[in-house]
Amino acid sequence: RAMASASLLASTTQRPTAPGVSARRRSPNRPRMPSAVATASPRDGDDVTRHFPDEMRAACEAVRLASIVCVETQRTLTSGEKVSKSDDSPVTVADFAAQCIVTSVLRESHPEIQMVAEESADDLRGEANAPLLDRVTSLVNKVILRADSEKEKPEDGSMVRLMFNEEVADAIDLGGKTDPSRSGKYWILDPIDGTKGFINKRQYAIALALMDDGEIVGGVLGCPNMPSEPIPPGSTEIPSEPPGVIFFASKNKGAWTAPMTHPDPTGAVGDGRVTFRATDAGAVMRIATEVTHTHGRDASYMESWGDSIVAAHDATRKLTTALGVVNPPVRIDSMAKYGALARGDTDMYLRFPPETYREKVWDHAAGAAVVTEAGGVITDGAGKRLDFAAGGVLGGGGGG
């Protein structure tokens, strides 16, 4: 059973730090950040956080573009624009469009990296599904046109190329037919994690991780409804506050957060254009845990919104009662929980699915990267590290 935790004895209270300072030792031509942003210069020799890998810049851009289609679709989603999978979880036109956008961006920037993603285009192919595929293609092309409008126009006057239906379906299937292994690089994508939250206008996340030889080395969580600051003590849910937040992390380079609409957050880190206040315009801020102690009575924790086949609240209540926790849980959909945990909204995230349910790699990979780089800890129910390279489902000694 997967359990994500910053540890009961380690607070994850938000603690912005200057570039390169950790609280625990252990696309081209994008517009620049507005000049109103507070800045901090990296220290001499502090290259660790100054230069994010090119893969992570591309990942942030892909997630930003996918968030555009999610935000637009959430406002107008109809019952005819979603289907149900075998586990009764819904899939919407936005899931398909977001996956197409992310796979297309990353295929262009890093074609050598394989893609593992949640959705396949099987429910879009065939004459009966033509209207659904038409809608997905329309959404994708709207984002292509918007992205093109943000770029400098080529001198040769060439025009942006839109996608046809079959190309959209093929792009979705770039990720929907692959499982990760312990050799090589893989993107791991959940185009909309927390689709029930998405449908009900609560929290959801576009979640993208990078795995290298079986190890998660980077992650991006696009959370279009996440407030820019942590919730106050005593809260029982995280309200929806667009435009939301993007969390991004890379191995040994820390975990960071910025407004969801920021055009180039990794570039801002590299240039030293960071801030210490989440309310600053265009703020890019490092997040890290403080090494403090929290007694069980004072601890706070998150769990999934509503009982479901993937999370049993009875098991969580038994554990928190045994630990002496008296605070009510913060209920939140999706992997947005990991971002909230990393910046200190609560001390723990607990998830105990039934024995018959197997956790999927895309449901945790990106969040694990963000929490780990913020100084937190994520394990299975037996306290063992999660294994993301055992195929499409999580491996671990304490259950999947």
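Nothing here was measured: the structure is a model prediction, and the numbers come from that model. (Residues numbered from 1 in each chain as written. Predicted model: local features only at pLDDT ≥ 70, side-chain atom pairs only at ≥ 80, totals over all residues. Heavy atoms only, no water.)

**Quick look at the confidence of the model for the protein chain**
For the record, the criterion: The predictor rates its confidence in each residue with pLDDT, a number between 0 and 100. Starting at the N terminus, helices and strands are each numbered in turn, a helix being any DSSP run of H or I of at least four residues and a strand any DSSP run of E of at least two. By the convention used here, residues are in contact when the closest approach between their heavy atoms is within 4.5 Å.
In the predicted model, the protein chain carries a mean pLDDT of 80, and 76% of its residues have values of at least 70. By mean pLDDT, the top-scoring element of the protein chain is strand S6 (residues 205-212) (98), and the lowest-scoring one is strand S1 (residues 2-5) (45). Taken as a whole, residues 1-49 scores under 50 in pLDDT and shows 150 contacts with residues more than four places along the chain or in a different chain.

**A word on the environment of Asp123**
Heads up, the condition is: Burial status follows relative accessibility: with a 1.4 Å probe on protein chains alone, a residue under 20% of its type maximum counts as buried, one over 50% as exposed, and anything between as partly exposed.
Here Asp123 is to be found in the loop between strand S4 (114-117) and helix H3 (130-149). Judged by relative accessible area, which is 38%, Asp123 ranks as partly exposed. Sequence separation between Asp123 and Ala169 is 46 residues; the distance between their C-alpha atoms is 9.7 Å.

**A closer look at the side chain of Asp333**
This is how it is decided: Pairs of N or O atoms within 3.5 Å make up the polar contacts considered here, provided that, within protein, one atom can donate a hydrogen while the other can accept it, and that residues adjacent in sequence are counted only when both atoms are side-chain atoms.
In this fold, Asp333 is placed in the loop between strand S12 (330-331) and helix H8 (336-343). With a relative accessible area of 7%, Asp333 lands in the buried category. At 2.6 Å, the side chain of Asp333 and the side chain of Arg202 are in polar contact. Sequence-distant contacts of Asp333, defined by excluding residues within four places in its chain, comprise Gly197, Arg202, Gln203 and Trp305.

**A closer look at the pairing of S6**
The test is simple: What makes two strands pair is DSSP finding at least two bridges between them.
Along S6, seven of the eight residues are buried, which leaves the element largely enclosed by surrounding structure. Relative to S6, strand S5 (residues 185-193) runs antiparallel, the two being bridged by seven bridges. Each residue of the ladder has a partner; that of Lys185, found in S6, is Asp212. Here seven bridges tie S6 to strand S7 (residues 215-223), and the two strands are oriented antiparallel to one another. For Ile206, the partnering residue across the bridge sits in S7 and is Gly222. Between S6 and the antiparallel strand that follows it, S7, lie two residues; Asp213 among them carries a positive phi value of about 50°.

**Thoughts on the pattern of salt bridges**
Formally: Only one rule defines a salt bridge in this text: a Lys or Arg side-chain nitrogen within 4 Å of an Asp or Glu carboxyl oxygen.
On inspection of all chains with the given rule, the structure shows 17 salt bridges. The salt bridge involving Asp314 is made with Arg317; its shortest N-O contact spans 2.5 Å. Residue Asp314 and its partner Arg317 are located together in helix H7 (residues 313-323), separated by three residues, close to a single helical turn.

**What about the sheet that holds S6?**
Within a sheet, adjacent strands bond to each other through the backbone by hydrogen bonds, running parallel or antiparallel. Rule in force here: Axis definition: a line fitted to C-alpha atoms, limited for helices to the stretch in contact. Angles are taken between N-to-C directions and run from 0 to 180 degrees.
The strand order S4-S5-S6-S7-S8-S9-S10 describes an open sheet built from seven strands, whose pairing is mixed. Each end of this open sheet is capped by a strand with a single partner; those strands are S4 and strand S10 (285-287). For this sheet, the mean angle separating the axes of adjacent strands, direction not counted, is 20°. In this structure, strand S9 (residues 255-259) lies alongside S10, joined through three bridges in antiparallel fashion. Of the residues in S10, the one forming a bridge with Trp256 is Arg286. Sitting on the sheet, H8 is in contact with S6, S7, strand S8 (245-250) and S10, with an inclination near 75° to S8. Against the sheet, helix H9 (residues 365-373) touches S5, S6, S7, S8 and S9, its axis set at about 100° to S7.

**Side note on H8**
In terms of burial, H8 is a largely internal element, eight of the eight residues being buried. What H8 keeps buried is the set Ala336, Lys337, Tyr338, Gly339, Ala340, Leu341, Ala342 and Arg343. In the stretch just after H8, Gly344 is the one whose phi turns positive, near 100°.

**Considering H3**
One full turn of an α-helix is made of 3.6 residues, so residues set three or four places apart face in the same direction. We count it as follows: Helix span, expected: 1.5 Å multiplied by one less than the number of residues in the helix.
Taking 1.5 Å of rise per residue, 20 residues should cover 28 Å, and H3 covers 29 Å from first to last C-alpha, within 8% of that figure. For H3, the full list of buried residues reads Leu132, Leu133, Val136, Thr137, Leu139, Val140, Asn141, Val143, Ile144 and Ala147.

**Comments concerning the packing of helix H1 (residues 54-76) against H3**
Filter applied, for reference: Note on angle classes: values under 35 degrees are labelled roughly parallel, values over 145 roughly antiparallel, values of 65 to 115 roughly perpendicular, and the remainder oblique. Handedness of a crossing is defined here by the sense of rotation of the near helix relative to the far one, left-handed for an anticlockwise turn of less than a right angle and right-handed for a clockwise turn. Residues were grouped as follows: Ala, Val, Leu, Ile, Met, Phe, Trp, Tyr, Cys and Pro as nonpolar; Asp, Glu, Lys and Arg as charged; and all remaining residues, including Gly, as polar.
In contact at an axis separation of 10 Å, H1 and H3 are set at 130° when each is read in the N-to-C sense. Regarding the angle of H1 to H3, the classification is oblique. Seen from above, H1 lies across H3 with right-handed handedness. Contact residues: Leu65, Ile68, Val69, Glu72, Thr73 and Thr76 in H1; Arg135, Leu139, Lys142, Val143, Arg146 and Ala147 in H3. Of the residues belonging to the contact of H1 with H3, the class tally is six nonpolar, two polar and four charged.

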